[in-house]
Amino acid sequence: MDSKKKSSTEAEGSKERGLVHVWQAGSCSVTPERLPGWGGKTVLQAALGVRHGVLLTEDGEVYSFGTLPWKSESAEICPSSPLLESALVGHHVTTVATGSFHSGAVTESGVVYMWGENGAGQCAIANQQYVPEPSPVSISDSETSPVLAVRILQLACGEEHTLALSLSREIWAWGTGCQLGLITTTFPVTKPQKVEHLAGRVVLQVACGAFHSLALVQCLPPQDMKPVPERCNHCSQLLITMTDKEDHVIISDSHCCPLGVTLSESQAEKHGSTAASPHPETLDGQGEVFENTAVEAELNVGSGQTTSGSAISAQQNIVGTAEVSSARTAPSYPDTQAVTAYLQKLSEHPGREKHERGEKPPQVQPLAEEAGPDLHSPPTTSTSALNSLVVSCASAVGVRVAATYEAGALSLKKVMNFYSTAPCETGAPSGSASTGPESLKDLREEQVKQESLQGKKSSSLMDIREEESEGGSRRLSLPGLLSQVSPRLLRKAARVKTRTVVLTPTYSGEADALLPSLRTEVWTWGKGKEGQLGHGDVLPRLQPLCVKCLDGKEVIHLEAGGSHSLALTAKSQVYSWGSNTFGQLGHSEFPTTVPRLSKLGYISRVTAGKDSYIALVDKNIMGYIASLHELATTERRFYSKLSEIKSQILRPLLSLENLGTVTTVQLLQEVASRFSKLCYLIGQHGASLSSYLQGMKEARSLVIMKHSSLFLDSYTEYCTSVSNFLVMGGFQLLAKPAIDFLNKNQELLQDLSEVSDKNTQLMEILSTLFFLPIRRLHNYAKVLLKLATCFEVTSPEYQKLQDSSACYESLALHLGKKRKEAEYTLSFWKTFPGKMTDSLRKPERRLLCESSNRALSLQHAGRFSVNWFILFNDALVHAQFSTHHVFPLATLWAEPLSEEAGSVNGLKITTPEEQFTLVSSTPQEKTKWLRAISQAVDQALRGTSDFPLYGGGSSVQRQEPPISRSAKYTFYKDTRLKDATYDGRWLSGKPHGRGVLKWPDGKMYSGMFRNGLEDGYGEYRIPNKALNKEDHYVGHWKEGKMCGQGVYSYASGEVFEGCFQDNMRHGHGLLRSGKLTSSSPSMFIGQWVMDKKAGYGVFDDITRGEKYMGMWQDDVCQGNGVVVTQFGLYYEGNFHLNKMTGNGVLLSEDDTIYEGEFSDDWTLSGKGMLTMPNGDYIEGYFSGEWGSGIKITGTYFKPSLYESDKDKPKAFRKLGNLAVAADDKWRAVFDECWRQLGCESPGQGDVWKAWDNIAVALTTNRRQHRDSPEILSRSQTQTLESLEYIPQHVGAFSVEKYDDIKKYLIKACDTPLHPLGRLVETLVAVYRMTYVGVGANRRLLQEAVKEIKSYLKRIFQLVRFLFPELPEEGSTIPLSAPLPSGRRSFCTGKSDSRSESPEPGYVVTSSSLLLPVLLPRLYPPLFMLYALDNDREEDVYWECVLRLNKQPDVALLGFLGVQRKFWPATLSTLGESKKVLPTTKDACFASAIECLQQISTTFTPSDKLKVIQQTFEEISQSVLASLQEDFLWSMDDLFPVFLYVVLRARIRNLGSEVHLIEDLMDPYLQHGEQGIMFTTLKACYFQIQREKLN
């Protein structure tokens, strides 16, 4: 079909190209004739009808010739020269097609044009007999929304129908007849319709005969396999039937579904010679004919009695048996004479070497008449169905048969293959068909392609593909079979079957994507009167049906004549079937008609007409085309050869018995599967070259160049597997079991392996044969070089072709070297002592050198010791007498010893657990061994990548292997690591870098190593067999021990997060206990010393609802501490051995206080004082548990009623004295931070060293995070990068530098990777742990505030250490530039200064520097404590606020005593001025109110003070706007206005806000402007509580 040529206008003669030759197949002369009247245009494609033809030129024009009755003008009906179809000019046609009397063309844009006879609607135009000019056909897919036009790729025309293949690989049909494959009975079909039967399948090509259609379809991938149905999808009859006769049982699967078969047509007309099923022809480049043998190597049996299968008519199951002794004595069929004559002709044909080898010629059976007996191909039953039948009929047949079936039904079928000699493989199958959808997606197991044709019948039983080349009877007549084959043979055959490996190539998806698939099926439908459908009968088919006998034949192209069909396979065989009246099939009357065509030269495409052919011939420019054709021809020939080796040698070898050890069999199977894969690739390549030769023929798109890695990899894999087989002595082991087979086929072997010497040993011939494919690489290199010479030396094509050629050549040489290495290794094993051979011999292992010549000895070895060193490509073996030790090369370091070391020719060998010195006899030996070991180690480290790099040239050999490397090793004597396996980085014999260490008992460490020990960040797992869980540690290590930060999850459910030292918990840490760690029963956070709690810590006992905050020692509470409970009890005092002992203070929720001695938890014992909430108190001796009755001996005091009740009891004033001092809390946390900075104790250390430590910590943490799943965001990465820069400070300290420090601290505290950030994060965690939950007790407020102040003081110390130029607390930094004046001061007329200190400038305080960083993180728990503490007074305040806010603005202003002049008269809302009415509410001073409400959204006291200041300014602005004149506030004027703003702002927790500011604001601000404003707010708060509304 479509085939483009390079344009040329050279003279006629030997250099002609693009010429058209036509000839009649049945005429006496088969000499092609030039097409009359054709000019010099280059023809790309030609198509023939019955009496006309169409030519497509390379510029996209279409010419018609012959008889054209549809043309309107008489001159055009029989033109003398080809006629240009003017309607198509300008459309650039890409492909053309002709039917018997109509034509079609497809343009570049995928539009179809049709013209010619249209009586049957074949031109897709309704009610028009003729279409004189090409008319476009509208093809649209109505299933899509919106409806899309379908683009067409290829067209095929019959007599009354047309098929189009779309871009999406679907078939569209129009015209008349069953050959359309449409589900319709209304003809003609003039609107193109989709052939739904093949929807979802990938159709590669379509072809049309006069009244039949063919499609080449890609096989379904294996995962689409469906289970085999038991019943026919249409008529619901059983697909497999069982007939129980008196003396035997017949199992038959010859179900015939009547669907779609017109019974009246089933009586076939008698034709002289009709092949009802495809028949093979092999085309070789030289024009020789090889008939593929029908009986394969397994069936080499002399003539004997055989069961020839059942004879089944089209409608009835008439069972009969025919016994034949040979093909010549077959029963007399209607056409026996014709067949016999043909067979005679075949046998006399010269060049039939196969007859001399005792193989039978293929049989051509005539079409069976309705009741005539048939020879059948093997059964297509499924194993499961067959087995179930056998089980059900076991009783009828008897135990003997059932036993035969033990190995499964497949064994029986295999037996039939082995022992039946009926030449039935190409016999005509029985007439039956089903067009059910199940025949679409059946099991398409990929098989090694069958070399001989099996005429399998197309039944509704899916395409269950048998094992390769199975012959045999369709009917399984059990006793009949057993009478001819002994049970012993049956069992033997069954054994063979179980071990035989099917040579299924492992298709690489990559190759299938790049090259044409060979896994194809042929589907046919339409009228089958002449047998042209290939289903083995003459019945028509309404819908596509798969031609079973072409399965696995690798069909790559289809053609159809009027009533015959042709299929071209990848092996260049042509299968033909259908009418043979004129010898169109080339294998009955004129067996050599087809091959003769090759004498024309380089034929790019053959096209079939009704009974004539057309051929297009290529021209050879500079040998370029010749080289390409040479490549294609040799590739196809090479594929045929590989296929022959596969079927004639490999498959029989695999089916032999006793092939040796399991390893050998596996290796042979690996060789076979790699061979199969290579063979398939070559087949695909051959097919792609065929289509390539019809394309542009651009050098750059040549597959072996464009996708060279596919070929290089396949050849390399294959060579490796053959070498491995050779090394393991595979060929020697094969000698015994295969000797008979090889002797029988010696000539075939010599022929295939191209060994001419008759005396060569069989095993050598076999070895040569196995290595034969490697030679092909030289041919590729040669052809590519030839092609390169056709280009300019400077052109890119030349360079690419040269490079590819070098690539193939270097691989060929490399694989040759590999073969020599394998042979050298094999000869070594033959001489090596047997015991060691078994343990050391491995398929991949190759010998490099060995010291049997005493050239190498062990230093300091005993006089009589024998040390033999053998260097393999993966290990160095040290053999001594009967023992040997293997040192893997990946973990072996070799270095020459210097002369000073006392050994002139010494080599120092280091392995993970051994170190020894080898002494060589001469310096040359030393150099040789050192080089060999170094290269071998280097090779072992590279893995299999010693193959030359694609792109020419071999890889550069390093002088010596790297000292640091990745490898795997199992320790065998180290006490700590015995039997452990390490996989990771090494340095000079020790694990160093990232790696994984696994012990046999399940322990595992994964992380960093240094000098053989765990060091750095790592993960460790220890199984706990008792709990069936594991301990799991993730964190830092030092010198093999846990050291530094880490998280340890215990199998018991406890989790510890914190610091470790020497495998013990040491430093600050958090321990969560309990089953569910998220809500665990207890939690401890604090200091640990040597695995025990010691120092300050907080213990939250969630089950008891108590929290202890105090000192610990040896895992118990010891010293001062505080306990709070969920019921509001508060205790502070002494603890001893976990118990409250000694002096303490106990407060209950209702403010009852006990101050005195305790003896146990909550147990009063001794002297004390109990104070009631109303101030009454008792002094005396107390004993008993709090809450359950206390015995008191003492005095009751009632304080004077006239004393002020505001004075709190003394105990309240003392609260906190017995708690742990704030500065003593969390010492471990701060110590850890100092340690990270390189200081042993706070403030003692070198500041530059501290900065270096910070940079190192950031960098290592960044690396660690890069490897961990938590990927840092871009902003975090930028923050880290800026933090790695160390701030430089030179000169006087200024405000700018102070701001820089502030910015640095904000960044540092934002990332836990910075030591300061980690400190802040830990402090926040411990603070929340302390004051959240049970710890949210109002009594703890003062402790919480003290703790924050302590944090500030201690962090400030750290900051001053890092920034020594930062002044101490309370110092003033002078301003570098005067502040801009202009903003009026509030209470005075002077300009405002930013600082309230006597001289202008910044005051350095820890709170101003650090609170902005710290307080936002600690705010929630702290503010909660304030809210709890001020709960009562805030309730009073809030009640007043709600009450007062019910009044409108004017009334409230009047009530609060605001002077009338300050009352706003008008309000501006959205630009409009509105008057203030008595009813107006929430409108006056709105901006100031809104401003004050922001106090709740800020965190730090300084921010809150700024909000207050801004509120005052907003009030001033409002008043100024209404007064229209300058004025000064007095407090008497200001207070009522501010009080109004505070009320209207409705701040819920104002008391908490006020107290928080009061506690944490900078002391120096108290007397400044902000201080006065804050005092005003505080006054408002207390005033509101006392307001009484009349």
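Further up the page is the structure itself.
This text gives an overview of the structure that appears in the document. (Residues numbered from 1 in each chain as written. Predicted model: local features only at pLDDT ≥ 70, side-chain atom pairs only at ≥ 80, totals over all residues. Heavy atoms only, no water.)

For the rest of this paragraph, the subject is the sheet that holds strand E32 (residues 856-858). Across the sheet, which stays open at both edges, the 4 strands sit in the order E32-E38-E37-E36 with antiparallel pairing between neighbours. Lying at the two open borders of the sheet, with one neighbouring strand each, are E32 and strand E36 (893-896). In this sheet, adjacent strand axes meet at a mean angle of 30° when their direction is disregarded. Of the pairings in the sheet, the one linking strand E37 (residues 906-910) to strand E38 (residues 915-920) comprises 5 bridges and is antiparallel in character. (Pairing = 2+ DSSP bridges. Helix = DSSP H or I, 4+ residues; strand = E, 2+ residues; numbered from the N terminus. Axes fitted to C-alpha atoms, helices over the stretch in contact; angles between N-to-C directions.)

Okay, unusual backbone geometry next. The omega torsion of the bond from phenylalanine 187 to proline 188 falls at -5°, within 30 degrees of zero and hence cis. Here proline 188 is to be found in the loop between strand E15 (171-175) and strand E16 (189-194). We note that aspartate 979 has phi near 65°; this positive angle belongs to a residue other than glycine. The topology assignment puts aspartate 979 in the loop between strand E39 (964-970) and strand E40 (981-987). Within the chain, asparagine 1011 stands out as a residue other than glycine whose phi angle is a positive 50°. Relative to the helices and strands, asparagine 1011 is located in the loop between strand E42 (1004-1010) and strand E43 (1013-1024).

Reading across from one edge, E17-E18-E24-E25 is the order of the 4 strands in this open sheet, with antiparallel pairing throughout. Here the strands that pair on one side only, and so sit at the sheet edges, are strand E17 (203-208) and strand E25 (541-546). Neighbour to neighbour, the strand axes of the sheet diverge by 15° on average, direction disregarded. Strand direction decides the pairing type here: strand E18 (residues 212-218) and strand E24 (residues 520-526), joined by 7 bridges, are antiparallel. Opposite glutamine 218, over in E24, you have threonine 520 as the bridge partner.

All right, on to the environment of arginine 151 then. Within the element layout of this structure, arginine 151 appears in the loop between strand E12 (148-149) and strand E13 (152-157). With relative accessibility at 45%, the residue arginine 151 sits in the partly exposed group. Remark: the alpha-carbon pair of arginine 151 and serine 168, spanning 17 residues in sequence, is separated by 8.2 Å. Here the side chain of arginine 151 touches serine 109 through a polar contact of 3.3 Å, landing on its backbone oxygen. (Buried < 20%, exposed > 50% of the residue type's maximum accessible area, 1.4 Å probe, protein only. Polar contact = N/O pair within 3.5 Å; in protein donor to acceptor, adjacent residues only side chain to side chain.)

Purely geometric stuff here, so don't read any function into it on its own.
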